[in-house]
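Here is what each chain is made of, one letter per residue.
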Amino acid sequence: MGNPRSSVVSNWARNQRCVPDAVHQPASTNEVARIVRQAHETGQRVKVIGAGHSFTATAMTDGVMLRLDNMTQILSVDREAGQVHVQAGATLHDFCRELHNYGLALPNLGDIDVQSIAGAISTATHGTGSGLGNLATNVVAMTLVNGKGEIVELNEGDPRISMAAVGVGALGVVCEVVLQCVPSFRLHAYETIEYLDDLLDDIPSFAESADHAEFFWMPGARRCQVKRNQRTTEDIQRPGKVAYFRDKYVAENLAFGTVCRVGRRWPSLAPRIAKLVSSSVSERDLIDDSFRVFASPRLVRFVEMEYGIPLECLPEAVQRVREVTKHLSFPSLFPIEVRVSAADDIALSTGFGRLNGWVAVHQYVGAPYESYFQQVADIMDSYGGRPHWGKMHYLNAAQLCERYPRWGEFQELRVALDPDGTFRNEYVDRVLGVPNAK
Ligand SMILES: Cc1cc2nc3c(=O)[nH]c(=O)nc-3n(C[C@H](O)[C@H](O)[C@H](O)COP(=O)(O)OP(=O)(O)OC[C@H]3O[C@@H](n4cnc5c(N)ncnc54)[C@H](O)[C@@H]3O)c2cc1C
């Protein structure tokens, strides 16, 4: 069963904390089922925490906490079909490296790869690419433990997969998944500096300008850092270890962290910081295996809110956010990130039924962010925006249900899988409501 213990658990950003009654690290789906069954019988609530990289209290509990750190194995690989059966506690980092040994890859990743597979799919974690859906769209089959501690198999073709793939931790413990992968591929990554106004003038072209296109804009600056990753069959040309360390650790983390600390202490310097950060960005160019290109180390802690809105609304929305940043009582010390993702048909996927433009706002940890985030949220809400399930936002179930046409079907499945609310916590109650409160 693992060793119950009681100590403080916090997330990566350290803005969420809880003291679970017990923490278990099961090693098999059967063991998960036993733990959940016992919790259900004694009326305790259960939450799984993955890598703790969500900014909300989504994985927090004062009941039973599960960590699937001992459930990380690849169980089988169908190379021909490109399908891989894996325990859901594996990190994307380790999984992608093992996949590569089989000549396979995930078609897309976000900015980091330290998340657990289950945590990433449960919140519809996404990268950028107008032709690519979020990570949950790769789910072909799932094995869950439901709220009564029963093992539920959702095999390929089961219509419940398109409701369960993005479960926000409320449907059950995702123990195993079969993921649709693609043959390993390389990316040509090239970074340029471009004017924000030029990018916003023709967002559809920007979105189509590479397989994966995104840009970072520092409030107050006129220019952006644009990152494009394009599939290529050319040979690897990766920077040496020293250059990688200089770019990824010294420039993107150590130097940037110092600049953020200065800005938090002396906010009036923020405009000069924006210029410094924008002008110090270099134009990089490299070719490497996809999983090495997508993810970067993130050592400077921040809080984040990110909304997906219909792509056609993106230029106006970003201009409105730009106006907001001109009048903040405390400036934003972090860039705004703009990405795109493809439509899908998963009930609670932020990409349900539409091509999304993504706007992410961040603030350095410890610096005021509430007024900034609230004003940006108001803008995004005016476009029917869907907040990322793992990031900060202010919406509740009554508001969110309007933005997800299959909300009712999801709730029916939720009641069927978790009739007694075993997987409830405060966050789930707020964002998904309380169908069968006890
Ligand atoms: C520095 C940083 C960079 C990020 N970059 C991106 C990005 O580029 N793109 C993006 O979309 N997001 C990004 N995120 C957000 C992140 O991908 C999501 O919050 C993701 O859910 C984190 O995965 P995790 O394993 O840490 O899950 P956690 O945060 O631990 O959990 C997330 C949710 O999943 C549930 N859960 C976890 N495991 C299971 C399981 N086995 N069964 C059922 N439910 C489970 C939890 O209960 C919780 O509800 C970033 C976050 C950080 C901190």
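Keep in mind the model is a prediction, meaning the values are calculated, not measured.

K.L.:
Please give an account of the site of the ligand that cites residues and values.
P.N.:
Within the structure, the ligand sits among 32 residues, and Gly50, Gly110, Gly119, Gly169 and Gly390 are positioned closest to it. Of all elements in the fold, only strand S4 (46–49), helix H3 (117–122) and strand S11 (173–180) reach the threshold of two or more residues within the shell around the ligand. The element that contributes the greatest number of residues to the shell around the ligand is H3, accounting for four residues. By residue class, the composition of the shell around the ligand is 13 nonpolar, 16 polar and three charged.

K.L.:
Hey, could you go over helix H2 (residues 92–101) for me, with residue numbers and the actual values?
P.N.:
Where H2 is concerned, the buried positions are Leu92, Phe95, Cys96 and Leu99. Down the axis of H2, the buried side of the element spans an arc of 95°, and every buried residue falls inside it. Buried residues along H2 sit against strand S7 (83–87), strand S8 (104–105), H3 and helix H9 (290–294). Among the residues trailing H2, glycine 103 stands out with phi positive, at a value near 75°.

K.L.:
Summarise the sheet that holds strand S6 (residues 74–78); cite the residues concerned and give the values.
P.N.:
With antiparallel pairing, five strands are arranged side by side in an open sheet as S6-S7-S11-S9-S10. Across the chains shown, the open sheet's two edge strands, defined by having one partner strand only, are S6 and strand S10 (151–154). Shown here is a sheet whose adjacent strand axes are inclined to one another by a mean of 10°, direction ignored. Relative to S11, S7 runs antiparallel, the two being bridged by five bridges. Looking at S11, one finds that glutamine 83 is bridged to glutamine 180.

K.L.:
Pulling in residues and values, what's your account of the nonpolar core?
P.N.:
If you look at the biggest cluster of nonpolar residues, it comprises 68 residues, and the most contacted ones within it are Leu66, Ile117, Ile121, Leu144, Val166, Val173 and Val177. When residues are assigned to domains, this core turns out to be shared by domain 1 (9–67) and domain 2 (74–183), each giving three or more. Non-local contacts of valine 173, meaning those with residues more than four positions away in its chain, are made with Val32, Val36, Val48, Leu66, Leu144 and Val145. Leu199, Cys224, Val303 and Tyr364 belong to the second-largest nonpolar core, a separate cluster that totals 49 residues.

K.L.:
Quick rundown of the domain arrangement of the chain? Include the residues and the values.
P.N.:
Structurally, the chain comprises domain 1 (9–67) and domain 2 (74–183). The gap between the C-alpha centroids of domain 1 and domain 2 is 20 Å. Taken together, the contacts link 16 residues of domain 1 with 19 residues of domain 2. Mapped by element, the contributors of at least two residues to the side of domain 1 that touches domain 2 are helix H1 (29–41) and S4. Take the side of domain 1 that touches domain 2: its biggest share by element is seven residues, from H1.

K.L.:
A description of the pairing of strand S18 (residues 336–341) should follow, citing residues and the corresponding values.
P.N.:
For S18, the buried fraction is high: six of the six residues fall into the buried class. Side chains of S18 alternate between two faces, with Ile336, Val338 and Val340 and Glu337, Arg339 and Ser341 buried alike. Relative to S18, strand S14 (residues 212–217) is paired through three bridges, and the arrangement is antiparallel. Each residue of the ladder has a partner; that of phenylalanine 216, found in S18, is glutamate 337. As defined by bridge partners, S18 adjoins strand S19 (residues 356–364) across five bridges and the pair is classed as antiparallel. Within the sheet, the bridge partner assigned to serine 341 lies in S19 and is asparagine 356.

K.L.:
Lay out the sheet that holds S4 with the relevant residues and their values.
P.N.:
The strands making up a sheet are joined through hydrogen bonds of the backbone, oriented either antiparallel or parallel. Pairing is parallel in the open sheet, where three strands are placed in the order S3-S5-S4. Pairing within the sheet leaves two strands with one partner each, and these edge strands are strand S3 (22–24) and S4. Neighbour to neighbour, the strand axes of the sheet diverge by 25° on average, direction disregarded. Packed onto the sheet, H1 meets S3, S4 and strand S5 (64–67) and runs at close to 170° relative to S5.

Cut-offs and rules
Residues numbered from 1 in each chain as written. Predicted model: local features only at pLDDT ≥ 70, side-chain atom pairs only at ≥ 80, totals over all residues. Near = placed C-beta within 6 Å. Helix = DSSP H or I, 4+ residues; strand = E, 2+ residues; numbered from the N terminus. Nonpolar A, V, L, I, M, F, W, Y, C, P; charged D, E, K, R; others polar. Buried ≥ 20, exposed ≤ 12 C-beta atoms within 10 Å, placed from the backbone. Arc of directions from axis to C-beta. Contact = placed C-beta atoms within 7 Å. Pairing = 2+ DSSP bridges. Axes fitted to C-alpha atoms, helices over the stretch in contact; angles between N-to-C directions. Core = buried A, V, L, I, M, F, W, Y, C linked by C-beta atoms within 7 Å. Domains from an automatic or database assignment.

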